[in-house]
There are 2 protein chains.
Amino acid sequence: MLSDLELLKASIPGISAKLRELRAQNADEAFISEQQQKLADTNRRIAALLKGSGENDSKKAKITLKTPKGTRDWTPIEMSIREHIFSTLTRVFKAHGGCTIDTPVFELREILAGKYGEDSKLIYDLQDQGGELCSLRYDLTVPFARFLAMNSAQYPAIKRYHIAKVYRRDAPAMTKGRMREFYQCDFDIAGSFDPMLPDSEVLVILCEALTALEVGDYTVKINHRKILDGIFEVCGVPAEKIRTISSAVDKLDKLPWSEVKREMTEDKGLDPVVADQIGEFVKLKGGSELVQTLESSRLAQNRSAQAGIADMKLLFSYLDVFGITSKMSFDMSLARGLDYYTGLIYEAVVEGSAPPPLTDATTTTNTNADTAMKTIISKSKLKKSIATASSGEDPQNNAEEEEIDESQVGVGSIAAGGRYDELVGMFMGAGSSDPKKKEKGIPCVGVSVGVERVFSILMAKEKEKAAQGGFRGVGRKSATEVYVMSVGGGLLIERMEIVKELWAAGIKAEFAYKVKPKLPKQFETVDKEQIPFVVIIGGDEIKEGTVRVKEQKGKEASTGEGEKIPRTEMVRWLKEKIVGV
Amino acid sequence: MLSDLELLKASIPGISAKLRELRAQNADEAFISEQQQKLADTNRRIAALLKGSGENDSKKAKITLKTPKGTRDWTPIEMSIREHIFSTLTRVFKAHGGCTIDTPVFELREILAGKYGEDSKLIYDLQDQGGELCSLRYDLTVPFARFLAMNSAQYPAIKRYHIAKVYRRDAPAMTKGRMREFYQCDFDIAGSFDPMLPDSEVLVILCEALTALEVGDYTVKINHRKILDGIFEVCGVPAEKIRTISSAVDKLDKLPWSEVKREMTEDKGLDPVVADQIGEFVKLKGGSELVQTLESSRLAQNRSAQAGIADMKLLFSYLDVFGITSKMSFDMSLARGLDYYTGLIYEAVVEGSAPPPLTDATTTTNTNADTAMKTIISKSKLKKSIATASSGEDPQNNAEEEEIDESQVGVGSIAAGGRYDELVGMFMGAGSSDPKKKEKGIPCVGVSVGVERVFSILMAKEKEKAAQGGFRGVGRKSATEVYVMSVGGGLLIERMEIVKELWAAGIKAEFAYKVKPKLPKQFETVDKEQIPFVVIIGGDEIKEGTVRVKEQKGKEASTGEGEKIPRTEMVRWLKEKIVGV
C-alpha cells in the first residue's frame, strides 16, 4: 500500500509541472483538462489510500466519473463555436446547391469490411447481442457510397453534405485534437458530368469555406492519382510495390527526402536508382506552369500520366475563371492515403499550422532532422510516462500512445479530398448479380473539412479575445438578450409578465428563479452570462407604468441607473437596440 | 432449391398487397421503404435461385445493401424537415436562455448501469476490443447528470438543451416511428431555485415548442409523484408494491380501468378493496379546481401528498401568469415509467394522435375492448409473418416483433418530462468519498420532445401539400435560389462567371456541369429541384451585356422568355425578388 502511495505522490509534481508547461504553450484545452482530470484522480486515490480500509467500504458506490478514452464532453461555449463552424459550412454548402442526408451511426459490419486497408483494425465493433453484426462508422464516405448504391435510381446525381460523428479506435492525441469520436464534415458531388467541372466547384467550395471560417491563410495542395501512377510506371516501380511506395511519397511533407528514400529502398526494397528517378518528379511543386513542364517531360508518353495532365490543364483553366488559382499549389508529392481515389486529390494546409521546414538529405541538415525527430519522440515518451504513472489504466493499453507526436509538426492538413469514381460501383456490383453494373457505378468527387482542427484554431482565437477583455464573439454560453430584474420587493409576478411579453415578441429573455432575488445577485448573472440588456422594475416603475432599460457593457456600465421609458415602449426600444448589437 | 423458390415467389403478392394497403393508409414512409426493400431483396434472391449455380459464383461479392435493423437513412427532403424541427426547437430553447452541450455517443458501461430498470437489457454494448467497457447512450438525461456531477463547480446551475441520437435494442415499430436509433431532444434546468419557477418555465417552453412546430392541438397532462405516493400510502399499498402498482396506473391512458384493476389484483396480488380505493383517485382529471378537491380529501392528511398538492397549487398560479393553464390537464393517472422522477411529471398528447376511446369495465364494452385488442394483435402477427417470409433473417430474431402494435392506438405522447432531484446526486455520491455530497446533488427539471413523432406528423402534412401540387414548404431538397443556363452555344465560361458573381453576392446558385447543355435538360433540372429563379444567357445577351431573368412558378411559367435586364442589374434584381419569396 505504502509504495503505491509513494508512487502516486511522486507523480503529482510531474503532472502539475506538465500542466503549467502546457498552459504556457497555449496547448489544447482538451489535453489540459485530461491532465487535470488525471491530477484529480491521483489526489482522490491518494486520499483513498490514506484512509486505508475506508476505500473498500465505499467500493460499491465507486464509479469513475469520466468519459471513455479518446472522447470528451463539449461545454456550452465550445458548442457555440462548434455551431458557428457548422452553420458557416452549411451556408457555403447550400449556396452551391448542397443538400444533406443522414445515415445510421453504425453499419452492417460487412459494409465497412475491406474499405480501409490496414486501418480496419481501428473500427469499433458493436457487441454481438443476438442479431446483425454491426460496427460504428469510420468515415462518412463509405456510408454515402452505400446510400448511393441503394438509391441510385432516385439519386443518380446529388450534391450532398453530411456533418456527423465518426469513430476510430486510434491512439488519442489530444494535443493535436485527434479523438476517437470526432466530427467529419463532408461535401461530395456524385454523378456523371463533363470532366473537371464538379472538381473545380468542390475546390471553390473548399476555398469559400476556409475563407468564411477565418482560419487564416491557407494553401490547397493538388495532385492527380493518374499522374502519380504514371510516374511509378515510367520510373519502373514493380506493380506490387506501387501502393507502398505511394504511401512513402505521401510522407514528403513531414519527412526530408533522404528519409523517404531510405524507407523506399531499405524498408521496401526499391532499387535506389528507381527511387532517385521518382524523387526528381515528386519534389516538383508549382502552379499551372508545372502542367507545361510535365507535358514536355517523358511522363507525357505514359498513357495514365497523359490523362492526368490533361485533367490538370482543364482544371487550371476552370480555376482561373473562378479566381482561385492563386490558392493552389500543384504538389507532386501529395499522394493521400486512401485507396479509393482515382483522379484529382487535394489537401488544404493553413499557414499557421504548416509543418516546420525539414531540409533535404545533406550530411549536416540530416543530423538536425534526426535530432528533431529524437526530441519529438522523447516528448512523446514523456507524455506516455505521465499517462502511465497517473492513470489507473493498464500500461500496455497506453503503449499505443508511443508514437511520433504530430502536434509537434503542426496540425497538418485542415481539409482534404479527391475524386473516387469506383467506390459506389463496388457496392452496386456487390449487391447485383449483373456484372455490368459494377463497372457503371456513380463517379464522385468530394472534400472533407477537418472541423475538429478548425475548432482548435477558432477556440485559440476566442481565448485570445477573452484575454483581451472582450468575449462577445461566437463564444458566449447562451444567446440571452435581456435579463428582467427587480429592485426591492421581489415583484415576481411582474417580472414573469414582462418576460412573457418579451418571449411573445421574439426576444430572448431570462429572469431570476427567486421570489425575492437580491439586486447584486441579479447583476452578477448579467455580468457572468454577458447579457447585453436589462429591464429593471421597482415599486415606482410599477406605479407609473414604466420600466428602466439599460444596455450592459462590461461591469463599469452596470452601476448606472438606465433609462426610464413607458412600459408600452419597452419591446420597441429593446428590438431597435438588439438589432444594433 | 425449388421449394425455396416457390416460397419466395409465394411471398411476393403478399408483400405487394401489403405495400398497396400501406400506401392507401398513408403509412409511415420508413415502413413502406422497408417493405419495398424486402420486395427488392426477394426479387433478387429469386433471380439468384433461377440462375442456379450462378449464385455461388458471385457469393464472395454478395453484400446485403441495407442499414442495420431498426435504423434508416434520411433523404434530403426528410432532412430538410428534420432541420426545420431542430431549428424551431433551438430557437425556442435559446429564447429562454438555453445553451447546449454535447456528450459522447457511448459512455462507460458502469455509468449507465442501474439507471433504466428492466429496460437495461435494451442497451447496446460495444465489443470489448481491449480497453474500457462502453455502451451506446440510452437517453440524454443520464449523460447530462454525469456531466453535471463531473462539473458541478463550474455549472451549479444551467439551462441546457441537447439534440442527439440515442440507442435502444427495442423491437422496431416503424409504423409508429419507433426505431433503434432515434433522436432525442431534451431541455433541462438544473440548479437550486425557488419552488415551481423552473418547472413552470419548462411547461411554457413545451407549449411554445409544440405551438411553433405546428403539430396541431395538444394537451399537457400533469401530475405529481408525491401525490401518487400519497395515494398509495393512504390506500394502503404495501411499500414493496408501490413501484409495480404505479406502472399499472400509468397504463390507464391505453387500457380501461377494469384491465388495470385486473393487473393490480390478479397479476400483482393487490387487495381488490385497495385497488378500488386507488381507482377513485387516479380516475380524477381536471384543471386547477382539482387542487381544491384534493385539499379537502383525505389525501390532505398525508405528508407526501400535502407537499405535492402545495406544489401543484403554486404551479397553477404561475401557469396562470404565463397564460398556459388552459393547455393543462391535471391527470391523476399519469405516473411516467422512469424511476428517477421525484416531483412534477408531465406528458403532452396531440389531439390527432390521441388513443382511441377505451371504455370502462362493463360486460359489453369489455368484450369490445377485448375484440379490439385481438384485432391489434392479429395485425401485428401479420406484420411478423411478412417479415419472416421475405427477409433472410433468423425468424427467432423476429419473434420480438410480436407485441401489441402501438401504432394502432395513436402515436401516444409527443413530449414528456418531469422533476428529478436525485439523479445527479447519485453520481456525485458515487464519485466522492464524502457521504454528505451524495445528499446534495443538483436538482433538475426537464422535458424531452419526441422529435421522431413530430417528424411523422410534419412529413404527413408535407405529403398532403405535395399531393395538392405546391411543394415549396420546408420539404425542398436543396435551397438553391437561381439556376444559370444558356441557350445555344454552351457558354460555359460565361455561366461560370455569372454563378461566381452570384455566390459572391450571397445568392445560392447552380449551373449545369456540361460544356454544352441542352435547354430542355436545364429547365428539367429547374422544375425537378423547384428552383425559384433562372438567369438565361445566349449569344445576343453576351453581345449586349444583358441577361434574361425569370421567376419560375411551376411548369406553365417555364415556357416564357423572361425579362431582359443589363448584366449590371442582375444581382440587385435577384436579391429583391428572393427576399419576397
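The model shown is predicted, which means the values in this text are computed figures rather than measured ones.

Conventions used here
Residues numbered from 1 in each chain as written. Chains lettered and ligands numbered in written order. Predicted model: local features only at pLDDT ≥ 70, side-chain atom pairs only at ≥ 80, totals over all residues. Heavy atoms only, no water. Salt bridge = Lys/Arg side-chain N within 4 Å of Asp/Glu carboxyl O. Helix = DSSP H or I, 4+ residues; strand = E, 2+ residues; numbered from the N terminus. Buried < 20%, exposed > 50% of the residue type's maximum accessible area, 1.4 Å probe, protein only. Disulfide = S-S within 2.5 Å. Contact = heavy atoms within 4.5 Å. Buried area = accessible area lost by both parts, 1.4 Å probe. Polar contact = N/O pair within 3.5 Å; in protein donor to acceptor, adjacent residues only side chain to side chain. Nonpolar A, V, L, I, M, F, W, Y, C, P; charged D, E, K, R; others polar. Least-squares fit on C-alpha atoms with pLDDT ≥ 70 in both. Arc of directions from axis to C-beta. Core = buried A, V, L, I, M, F, W, Y, C linked by side-chain atoms within 4.5 Å. Pairing = 2+ DSSP bridges. Axes fitted to C-alpha atoms, helices over the stretch in contact; angles between N-to-C directions. Left-handed = near helix turned anticlockwise from the far one by under 90°. Phe/Tyr/Trp six-rings, centres within 6.5 Å; stacked < 30°, edge-to-face > 60°. Lys NZ or Arg CZ within 6 Å of the ring centre and 35° of its normal. pLDDT = per-residue confidence, 0-100.

A. Looking closely at the pattern of salt bridges. A complete count under the given rule lists 66 salt bridges over all chains for this structure. For arginine 419 of chain B, the salt bridge identified is with aspartate 199 of chain B, shortest N-O distance 2.9 Å. You can see arginine 419 of chain B sitting in strand E10 (residues 413-420) and its partner aspartate 199 of chain B sitting in helix H7 (residues 197-213), a full 220 residues away along the chain. The class for arginine 419 of chain B is buried, based on a relative accessible area of 13%. Through salt bridges with shared partners, a single ionic network connects Arg82, Lys165 and Glu181 of chain A together with Asp102 of chain B.

B. Structural view of the state of the cysteines. All names here are of chain B. Under the definition given, this model contains zero disulfides over all chains. Distance from the sulfur of cysteine 185, which forms no disulfide, to the nearest cysteine sulfur (cysteine 99) is 14 Å. Look at cysteine 185 and you get buried, because its relative accessible area is 0%.

C. Looking closely at the interface of chain B and chain A. In this complex, chain B contributes 103 residues to the contact, which on the side of chain A involves 104 residues. Of the roughly 9,100 Å² buried at the junction of chain B and chain A (both faces included), carbon and sulfur atoms supply 59%. Inspection of the chain B/chain A interface yields 14 salt bridges. The partner of lysine 514 of chain A in a salt bridge is aspartate 194 of chain B, and the shortest N-O contact between them spans 3.8 Å. Taken together, the connections running from chain B to chain A amount to 39 residue pairs in polar contact (both at pLDDT 80 or more). With seven residues, helix H19 (residues 492-504) of chain B is the single largest residue contributor to the side of chain B that touches chain A. Classifying every residue of the side of chain B that touches chain A by side-chain character gives 50 nonpolar, 21 polar and 32 charged.

D. Highlighting the relation of the copies chain B and chain A. Note on the copies: chain B fits chain A at an RMSD of 0.1 Å, the axial shift is 0.0 Å, and the rotation between them is 180°. With respect to symmetry, the two chain copies, as superposed, fit the operation of a two-fold axis. Comparing interface residues between copies, 100% of those in chain B also lie at the interface in chain A; the contact surface is shared.

E. Spatial organisation of helix H11 (residues 272-282) of chain A. Residue and element names in this part refer to chain A. Looking only at H11, the buried set comprises Val274, Ala275, Ile278, Gly279, Phe281 and Val282. Each buried residue of H11 lies within a common arc of 160° when the element is viewed along its axis, so the set occupies one face. Opposite the packed face of H11, turned more than 90 degrees from it, sit the exposed residues Val273 and Glu280. Looking at the packing, one finds that the buried side of H11 touches helix H8 (225-235), helix H9 (242-249) and helix H10 (257-267). Sitting at the amino-terminal end of H11 is aspartate 271, which places a side-chain oxygen 2.9 Å from the backbone nitrogen of valine 273.

F. Local environment of the nonpolar core. Of all hydrophobic cores here, the largest spans 288 residues; its most connected members are Leu203 and Ile278 of chain A together with Leu203 and Ile278 of chain B. Among all residues touching isoleucine 278 of chain A, those that are not within four sequence positions of it are Ile231, Phe232, Cys235, Val237, Ile245, Val249, Met264 and Leu270 of chain A.

G. Up close: the pairing of strand E9 (residues 344-350) of chain A. Residue and element names in this part refer to chain A. Counting buried positions along E9 gives seven out of seven residues, so the element sits mostly inside the fold. Burial of the side chains of E9 extends over both faces: Leu344, Tyr346, Ala348 and Val350 are buried on one face and Ile345, Glu347 and Val349 on the other. Pairing between E9 and strand E10 (residues 413-420): five bridges, direction antiparallel. Bridge pairing in E10 places glutamate 347 opposite alanine 416.

H. The sheet that holds strand E16 (residues 563-566) of chain B, seen in detail. Residue and element names in this part refer to chain B. Here five strands make up an open sheet; going across it, the order is E13-E12-E14-E15-E16 and the pairing mixed. Strand pairing shows two members of the sheet lacking a second neighbour, strand E13 (509-511) and E16, which therefore form its edges. Put simply, the sheet's adjacent strands are angled 30° from each other on average, direction ignored. As paired elements, strand E12 (residues 482-486) and strand E14 (residues 533-537) share five bridges and run parallel to each other. Paired with valine 484 across the two strands is valine 535, which belongs to E14.

I. Up close: the sheet that holds strand E7 (residues 285-286) of chain B. Residue and element names in this part refer to chain B. Sheet architecture is open: nine strands sit in the order E1-E4-E5-E11-E10-E9-E6-E8-E7, paired in mixed fashion. On the outer flanks of this sheet lie strand E1 (99-100) and E7, each paired with one strand and no other. Pairing analysis gives seven bridges linking strand E6 (residues 218-224) to strand E9 (residues 344-350), with the strands arranged antiparallel. Among the inter-strand pairings, asparagine 223 is bridged to a residue of E9, identified as isoleucine 345. With respect to the sheet, helix H6 (residues 141-150) is in contact with strand E4 (158-167), strand E5 (181-190), E10 and strand E11 (444-449), its orientation differing from that of E5 by roughly 40°. Where helix H13 (residues 303-322) meets the sheet, its contacts fall on E6, strand E8 (328-331) and E9, and the angle it forms with E6 comes to roughly 150°.

J. Expanded view of the packing of helix H8 (residues 225-235) of chain B against helix H11 (residues 272-282) of chain B. Residues and elements named next belong to chain B. Two elements in contact, H8 and H11, have axes separated by 9 Å at closest approach and are oriented at 145°. Crossing angle aside, the handedness with which H8 passes H11 is right-handed. Residues Ile231, Phe232, Val234 and Cys235 of H8 form the contact with H11, whose participating residues are Val274, Gln277, Ile278 and Phe281. The residue makeup of the contact of H8 with H11, split by class, is seven nonpolar, one polar and no charged.

K. Spatial organisation of the packing of aromatic side chains. Summed over the entire model, instances satisfying the criterion amount to 30 aromatic pairs over all chains. When the centroid spacing of 4.8 Å and the interplanar angle of 75° are considered together, the rings of tryptophan 74 of chain A and phenylalanine 455 of chain A count as edge-to-face. Here tryptophan 74 of chain A is found in the loop between helix H3 (54-57) and helix H4 (76-95), whereas its partner phenylalanine 455 of chain A is found in helix H18 (residues 451-467), with 381 residues between them in sequence. There is no split in this pair, since tryptophan 74 of chain A and phenylalanine 455 of chain A are both buried. Ring pairing ties together the aromatic residues Phe93, Tyr161 and Phe187 of chain A, which thus form one cluster. One residue, lysine 327 of chain A, lies across the ring of tyrosine 218 of chain A, its end atom 4.4 Å from the ring centre. We note arginine 168 of chain B situated over the ring of tyrosine 138 of chain B; from NZ or CZ to the ring centre the distance is 4.0 Å.

L. Here's a closer look at the environment of phenylalanine 187 of chain B. Residues and elements named next belong to chain B. One can find phenylalanine 187 in strand E5. A relative accessible area of 0% places phenylalanine 187 in the buried class. Here the alpha-carbon distance between phenylalanine 187 and leucine 270, two residues 83 residues apart in the chain, equals 37 Å. The residues contacting phenylalanine 187, other than those within four sequence positions of it, are Phe93, Gly98, Lys159, Arg160, Tyr161, Ile205, Val445, Gly446 and Val447.

M. Representation of the confidence of the model for chain A in the model. Residues and elements named next belong to chain A. Averaged over every residue, the pLDDT of chain A is 81; residues scoring 70 or more account for 73%. Every residue in residues 1-8 is under pLDDT 50, and counting partners more than four places away or in other chains gives nine contacts. Counting interchain partners and residues more than four positions distant, the pLDDT-below-50 stretch residues 46-60 has eleven contacts. The complex model carries a pTM of 0.79, and its ipTM stands at 0.79.

N. Spatial organisation of the side chain of lysine 159 of chain A. Within the secondary structure, lysine 159 of chain A is located in strand E4 (residues 158-167). We classify lysine 159 of chain A as buried; its relative accessible area is 9%. Among the polar contacts listed, one links the side chain of lysine 159 of chain A to the side chain of glutamate 510 of chain B, at a separation of 2.7 Å. In this structure the side chain of lysine 159 of chain A is engaged in a polar contact, spanning 3.5 Å, whose partner is the side chain of tyrosine 513 of chain B.

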